[in-house]
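Understanding the architecture of this molecule
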Amino acid sequence: MSNFASVTIVGHLGRDVDTKSLSDGTTVANFSIATSRKRGGNEVTTWWRADLFGKRADVLAQYAKKGDPLLIQGEPFMRTYTDKDGSERQSLEVAVTDFAFLKGRNDDSGGGYAAPHQASKPKADFQAPAADFDEELPF
């Protein structure tokens, strides 16, 4: 049986979306999204880094701004990088497959959410393998 991981995050953009073009012309959007919850009387914020590829990256960059509420769905992956001090670090990130613009408190339309935007599949290792349903289930 194939393995698969997926996350759904509803939060607020921590900064404006940063876009770059890959050598083949594909746009990649990088952004951070914050989620908050109460724990022991204190509010705890978790920051998530996310990547979005293709034309949807342009749409997100054009319409989403720092502080905007956003729903994202995607596949988590571990990225290894070197920090300013030369130390190797790891970061849990999300390769976004779907997103929806959420309407904020100052929006005149009364709240709710927009239809999800099916994101282009990234060309790197972020695609989940197809499930093999012919295998016996372990339960």
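Residues numbered from 1 in each chain as written. Predicted model: local features only at pLDDT ≥ 70, side-chain atom pairs only at ≥ 80, totals over all residues. Heavy atoms only, no water.

Topic: the overall build of the protein
Applicable threshold: By the criteria applied, helices consist of DSSP H or I runs no shorter than four residues and strands consist of E runs no shorter than two, each listed in order from the N terminus. The classification of residues rests on relative accessible area computed with a 1.4 Å probe and restricted to protein chains. Under 20% of the type maximum is buried, over 50% is exposed, and intermediate values are partly exposed. Whether two residues are in contact is decided by their heavy atoms: any pair within 4.5 Å suffices.
Looking only at helices and strands, the protein features one helix and seven strands. Mapped in sequence order, the helices and strands of the protein form the string β-β-β-β-α-β-β-β. Expressed as a percentage of the 139 residues in the protein, the buried residues total 34%. A separation of at least 24 residues holds for 54% of the contacts in the protein among residues at least 6 apart in sequence.

Re the pattern of salt bridges
Rules: A side-chain nitrogen of Lys or Arg and a carboxyl oxygen of Asp or Glu constitute a salt bridge if their distance falls within 4 Å.
Within this structure, the stated rule accounts for four salt bridges. Between Glu-93 and Arg-79 there is a salt bridge; the shortest N-O distance is 3.1 Å. Here Glu-93, found in strand E6 (residues 88-101), pairs with Arg-79, found in strand E5 (residues 69-82); they are 14 residues apart in sequence, far enough to count as distant. Accessibility expressed as a relative area gives 2% for Glu-93, which makes it buried. Judged by its relative accessible area of 31%, Arg-79 is partly exposed. Ionic contacts of the salt-bridge type, sharing partners, join the residues Arg-49, Asp-51, Arg-79 and Glu-93 into one network.

With respect to the nonpolar core
Inclusion rule: We define the nonpolar core as a collection of buried residues of types Ala, Val, Leu, Ile, Met, Phe, Trp, Tyr and Cys that are connected through side-chain atoms lying within 4.5 Å of one another.
Among the nonpolar cores identified, the biggest contains 19 residues, and Phe-31, Leu-60, Leu-70 and Ile-72 are the most heavily contacted of them. When contributions to this core are tallied by element, the ones reaching two or more residues are strand E1 (7-13), strand E3 (27-39), strand E4 (42-53), helix H1 (55-63), E5 and E6. Looking at this core element by element, the count peaks at four residues for E6.

As for H1
Note the threshold: Comment: arc refers to directions from the helix axis out to C-beta atoms.
Buried within H1 are the following residues: Ala-57, Leu-60 and Ala-61. Viewed end-on, H1 has its buried residues packed into an arc of 95°, placing them on one side of the element. Exposed and oriented more than 90 degrees from the buried face of H1 are Lys-55, Gln-62 and Tyr-63. Those residues of H1 that are buried are in contact with strand E2 (18-21), E3, E4, E5 and E6.

Some words on the environment of Leu-70
Mapped onto the elements of the fold, Leu-70 is located in strand E5. Accessibility expressed as a relative area gives 0% for Leu-70, which makes it buried. Along the primary structure Leu-70 and Val-10 are separated by 60 residues, whereas in three dimensions their C-alpha atoms are 5.8 Å apart. Ignoring anything within four residues of it in the chain, the contact list for Leu-70 reads Ile-9, Val-10, Gly-11, Leu-13, Phe-31, Ile-33, Leu-60, Phe-99, Ala-100, Phe-101 and Leu-102.

With respect to the side chain of Ser-32
Counting through the fold element by element, Ser-32 comes out in strand E3. Apart from the residues lying within four places of it in its own chain, the contact partners of Ser-32 are His-12, Leu-13, Gly-14, Arg-15, Trp-47, Trp-48 and Arg-49.

Focus: the pairing of E1
For the record, the criterion: Strand pairing is assigned whenever DSSP detects at least two bridges linking the two strands.
Relative to E5, E1 is paired through six bridges, and the arrangement is antiparallel. The residue bridging Val-10 from the neighbouring strand is Leu-71, located in E5. With two bridges connecting them, E1 and E3 associate as antiparallel partners. Residue pairing across strands places Leu-13 opposite Ile-33, the latter belonging to E3.

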